[in-house]
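Read off the chains here:
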Amino acid sequence: MRIGLDLDNTLVCYDTLFYRLALERGLIDATCPPRKRDIRDAVRREAGDAAWQALQGDAYGPRMCDAVFFSGVPEALRLWRTAGHELCIVSHKTRFSSVEKFDLHSAALDFLRASALLRQGLLHERDIYFCRTRDEKIDRIANLRCHVFVDDLPEIFLHPAFPRDTRQWFFAPCDKESVPQALTFSAWEDIQGFDPAFENSLFQGAGAFPQRLHRLGGGRNSRVWAVELPQGTVVLKAYHRSLSDQRHRLEHEHGAFDLLHEYHIHDTPRTLHVDTDLGVAVYSHIQGQPYAPNTAGEKVVQPFVALTARLHMLARALPTERAASIPWATDACKSLTIWEQCVEDRLERLLTRPRQNERDEEMADFVTKVVSPAWRRHRDKARDVYARLQRDPVAVLAEHERTLSPSDMGFHNALRKPDGSLAFVDFEYFGWDDPTKLLSDFVLHPGMHLTENQQHFFIDTLLERFAMPDLEERLQAMRPLFATAWCCILLNEFLKDGTRNFILPQKERARLCSLQLARARDFFNQHMETTP
């Protein structure tokens, strides 16, 4: 698909530049808000339209080199290019400024030539078009057959000759202004990773094209948007996919939501549409705020105890055929031997990666001298426990001993609804698992920071609810083995795909690697060194 882009005030932000120029000329005082619209109104009010025209001539001409892209622009374009889309700029501006007759087209082209967009190949000079009139711009958009055009001027989209087959994406950073039939977004971070094809999935799932888009976050494995439609808000989720990561996140998650709603567990999103070709799904929107407990009491983990207990009850009640249709959770503990191999693989990936600097050497030294010896010690203890319990370490866990697990349950994947109850999201890794792993992962998750009382309450309550023979003994033996995996996960930043589909500057990645190494050391001291 070809994505067309306006330049001035769409890709390029002039707010700071206009503010600086107006202050230099004494046209405004420092109390004026540093936004182009406010500066324009102040200059016209105090000095007249001619002063504003002269200011524009400088900003779009000899001083354009001091302008900047809006935050998020380079990454948005990079993601579109990575997805295989063609990009072009179609800019509407007169050739020469009205006052000093400066060549505005040349100034803009020089700015782009010096930018990362051209230097990194995100745009090519042959795909940059300057049009002297609005009609000429509309004709160029039509002749290029742009599938999407992005602009900050409503007049472009309202032009009677604007091509009907071109989707309108309206960039409105300063206010709630919108354009009929257009997709409106207020920040380039909101549009990052949003593929034009996603609009078709929204139409199929909800019966309408999106009106406004807002990025909800998502981790490194997905991107999530709240999408306003004429009939209300839905959620669109685009799942991470790569040749090096074959996990079926989309299938696990929408399958989980379908199952839970089928059996009347409604405090999760409802699936509206799934597009496996694009790797996206449309879900119902749950109104709520990220769960941020403000107390250290046991009450904050009670909703997670209740959810886990309900999932286990469902696991016991499912008909055989329905149970067989549910996959294993991602990285499930199917047997002791399989889990041992899973951790060994993680350790090997960390130790066999090329060591390119002192930080890499520190990580390898930590894994070799600290983590690996502890791993072998706890692994041998687990083997002894299995032998004493007369359990075959190779045998896959029996069906009646498994439970249904979200596999990434925690405060970070919960929303507090207006009525105070919790809703649960992010079931990308859902499926069957060993209860020892579900219980361990909740208390071990590096983002949870549970108190000892909260950990004991969660585990002790559910051990009683599960009422499984030897579950407590196996939990004590397996927990440090799961902790080893978490320690490795914290070090994933060192791996080649540690940043997944995000491209980070070298210094930023170095900072993240150092931070994750420190976190892994702290995690080891808390959860592995002190484990009996």
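The structure contained in this document is the topic of the report that follows. (Residues numbered from 1 in each chain as written. Predicted model: local features only at pLDDT ≥ 70, side-chain atom pairs only at ≥ 80, totals over all residues. Heavy atoms only, no water.)

**Things to note about the sheet that holds strand β14 (residues 289-290)**
Item 1. Read from one edge to the other, the open sheet built from three strands follows the order β14-β16-β17, with strand pairing classed as antiparallel. Each end of this open sheet is capped by a strand with a single partner; those strands are β14 and β17 (422-424).
Item 2. Strand direction decides the pairing type here: β14 and strand β16 (residues 414-416), joined by two bridges, are antiparallel. Its bridge partner lying in β16, Gln289 is registered against Arg416.
Item 3. Sitting on the sheet, helix α12 (residues 302-317) touches β16 and β17, and the angle it makes with β17 is about 50 degrees. (Pairing = 2+ DSSP bridges. Helix = DSSP H or I, 4+ residues; strand = E, 2+ residues; numbered from the N terminus. Contact = heavy atoms within 4.5 Å. Axes fitted to C-alpha atoms, helices over the stretch in contact; angles between N-to-C directions.)

**Some remarks on the packing of aromatic side chains**
Item 1. Within this structure, the stated rule accounts for 29 aromatic pairs.
Item 2. When the centroid spacing of 5.4 Å and the interplanar angle of 80 degrees are considered together, the rings of Phe157 and Phe162 count as edge-to-face. Each member of the pair, Phe157 as well as Phe162, carries the same accessibility label: buried.
Item 3. Taken together, a centroid distance of 5.6 Å and an interplanar angle of 75 degrees make the contact between Phe304 and Phe424 edge-to-face. Residue Phe304 is found in helix α12, and its partner Phe424 is found in strand β17; the two are separated by 120 residues along the sequence. With respect to class, Phe304 is no different from Phe424; both count as buried.
Item 4. Here the aromatic residues Phe70, Trp80, Trp169, Phe171, Phe185, Trp188, Phe194, Phe198 and Trp225 are joined through ring pairs into a cluster of three or more.
Item 5. Lying over the aromatic face of Phe209, Arg167 brings its terminal NZ or CZ to 4.7 Å of the ring centre. (Phe/Tyr/Trp six-rings, centres within 6.5 Å; stacked < 30°, edge-to-face > 60°. Buried < 20%, exposed > 50% of the residue type's maximum accessible area, 1.4 Å probe, protein only. Lys NZ or Arg CZ within 6 Å of the ring centre and 35° of its normal.)

**Re the pattern of salt bridges**
Item 1. Here the structure, examined in full by the defined rule, presents 36 salt bridges.
Item 2. Of the charged contacts, one joins Glu428 and Lys237 as a salt bridge, the two residues approaching to 2.9 Å between their closest N and O atoms. Within this pair, whereas Glu428 is found in the loop between β17 and β18 (431-433), its partner Lys237 is found in strand β11 (residues 232-239), the two being separated by 191 residues in sequence. You'll find Glu428 and Lys237 in the same group, each marked buried.
Item 3. Counted as one network, the salt bridges with shared partners bring together Lys237, Arg249, Glu253, Asp426 and Glu428. (Salt bridge = Lys/Arg side-chain N within 4 Å of Asp/Glu carboxyl O.)

**Overview of the packing of helix α15 (residues 358-388) against helix α18 (residues 471-490)**
Item 1. Running from N to C, α15 and α18 cross one another at 155 degrees; their axes reach a closest spacing of 9 Å. On the basis of the axis angle, α15 is roughly antiparallel to α18. The interaxial crossing formed by α15 with α18 has left-handed handedness. Of the residues in α18, those in contact with Phe366, Val371, Trp375, His378, Arg379, Ala382, Val385, Tyr386 and Arg388 of α15 are Glu473, Arg474, Ala477, Met478, Pro480, Leu481, Thr484 and Cys487.
Item 2. Residue composition of the contact of α15 with α18, by class: 11 nonpolar, two polar and four charged. (Parallel < 35°, antiparallel > 145°, perpendicular 65-115°, else oblique. Left-handed = near helix turned anticlockwise from the far one by under 90°. Nonpolar A, V, L, I, M, F, W, Y, C, P; charged D, E, K, R; others polar.)

**Points about helix α4 (residues 73-82)**
Think of an α-helix as 3.6 residues a turn; residues three or four steps apart then line up on the same face.
Item 1. With seven of 10 residues buried, α4 lies mostly within the body of the structure.
Item 2. Those residues of α4 that fall on the buried side of the exposure criterion are Val73, Glu75, Ala76, Leu77, Arg78, Leu79 and Trp80.
Item 3. Trailing α4 by a residue or two, Gly84 shows a phi angle of about 95 degrees, which is positive.

Geometric descriptors of this kind do not, in isolation, establish any biological role.
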